[in-house]
Amino acid sequence: MLYYVCNQEENKKHKEEVKEMEYGKIKITKHARQRLQERMPEIDSSNYAQVVQAARYKGETEGSLKKTNPKFAKYISQRFYGNKSTEIRVYKNHVFVFFGSKGHSRVLKTVVDIPEKQLAKII
C-alpha cells in the first residue's frame, strides 16, 4: 500500500482512500478499480493487470492521435486536461488517466468511457 506523504493526522484520514493495488509496476487506485468494474464489466478483475498494462504501453497517446486523428486529439486534450504529471492513453474506446512523473506515469487514476455519440462525431 502507498500513502501520501503528509502529517500523521492527514495520513490517518486518507488511509482508506489512498489504498492502491499494485500490478507489476503500475498501481491502480481504489477509484480506478471501481471505474474499471463499472465501465468494463466484461473484464474479470483478475485480468485488470493485463488490461491496464496494455492501455499504458500500447494505448494511443495524445501525440500519436494528433498525427492520425487531430479532431479526436483535440477532444481528448480539452476533455482530459491535467497537469504535467498526467498521461492519457486511449485504449478500446476508453480513456485511461495515469499519474506520476512525466514519461513514468505508473499510477492509474481513473478510466472513462468515450461516449458513442462523441466517437461518431470524431472518427
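Definitions and cut-offs
Residues numbered from 1 in each chain as written. Predicted model: local features only at pLDDT ≥ 70, side-chain atom pairs only at ≥ 80, totals over all residues. Heavy atoms only, no water. Helix = DSSP H or I, 4+ residues; strand = E, 2+ residues; numbered from the N terminus. Buried < 20%, exposed > 50% of the residue type's maximum accessible area, 1.4 Å probe, protein only. Salt bridge = Lys/Arg side-chain N within 4 Å of Asp/Glu carboxyl O. Phe/Tyr/Trp six-rings, centres within 6.5 Å; stacked < 30°, edge-to-face > 60°. Lys NZ or Arg CZ within 6 Å of the ring centre and 35° of its normal. Pairing = 2+ DSSP bridges.

Participant: When you look at the environment of Val52 in this model, what are you seeing that I'm missing?
Facilitator: Summarising the element assignment, Val52 is placed in helix H3 (residues 48-58). Taking relative accessible area as the criterion, Val52 reaches 2% and is therefore assigned buried. Along the chain, Val52 and Tyr91 lie 39 residues apart, while their C-alpha atoms are 9.3 Å from each other.

Participant: What exactly am I supposed to notice about the pattern of salt bridges here?
Facilitator: Oppositely charged side chains are able to pair whenever their charged atoms sit close together. This structure, assessed with the given rule, holds three salt bridges. Here Arg56 makes a salt bridge to Glu87, at a shortest N to O gap of 3.8 Å. Of this pair, Arg56 sits in helix H3 while Glu87 sits in strand E3 (residues 86-91), placing them 31 residues apart in sequence. Residue classification places Glu87 among the buried residues on the basis of a relative accessible area of 8%. The network of salt bridges with shared partners includes Arg56, Glu87 and Arg89.

Participant: Looking at this structure, how should I read the packing of aromatic side chains?
Facilitator: Each aromatic ring pair is specified by the distance between its two centres and by the angle formed by the two planes. Scanning the entire structure with this criterion turns up two aromatic pairs. When the ring of Phe72 is compared with that of Tyr75, the centres are 6.3 Å apart and the planes differ by 15°; the resulting orientation is stacked. Of the two residues, Phe72 and Tyr75 are both situated in helix H5 (residues 70-79); the distance of three residues between them amounts to about one turn of the helix. By the burial criterion, Phe72 is buried, and Tyr75 matches it. Geometrically, the ring pair formed by Tyr91 and Phe96 is edge-to-face, given 6.4 Å between the ring centres and 65° between the ring planes. Comparing Tyr91 with Phe96, the two get one shared label, buried. The ring of Phe98 is capped by Arg56, whose NZ or CZ atom sits 5.9 Å from the centre of that ring. The ring of Phe99 has Lys109 sitting right over it, with the charged end atom 4.5 Å from the ring centre.

Participant: Help me understand the pairing of E3 in this model?
Facilitator: A regular strand carries its side chains on alternate faces of the sheet. Of all the six residues making up E3, six are buried; the element is thus mostly covered by neighbouring parts of the structure. What you see with E3 is no split at all: Thr86, Ile88 and Val90 on one side and Glu87, Arg89 and Tyr91 on the other are buried throughout. Bridge count between E3 and strand E4 (residues 94-99): six bridges; the pairing is antiparallel. Residue pairing in the sheet places Ile88 in a bridge with Val97 of E4.

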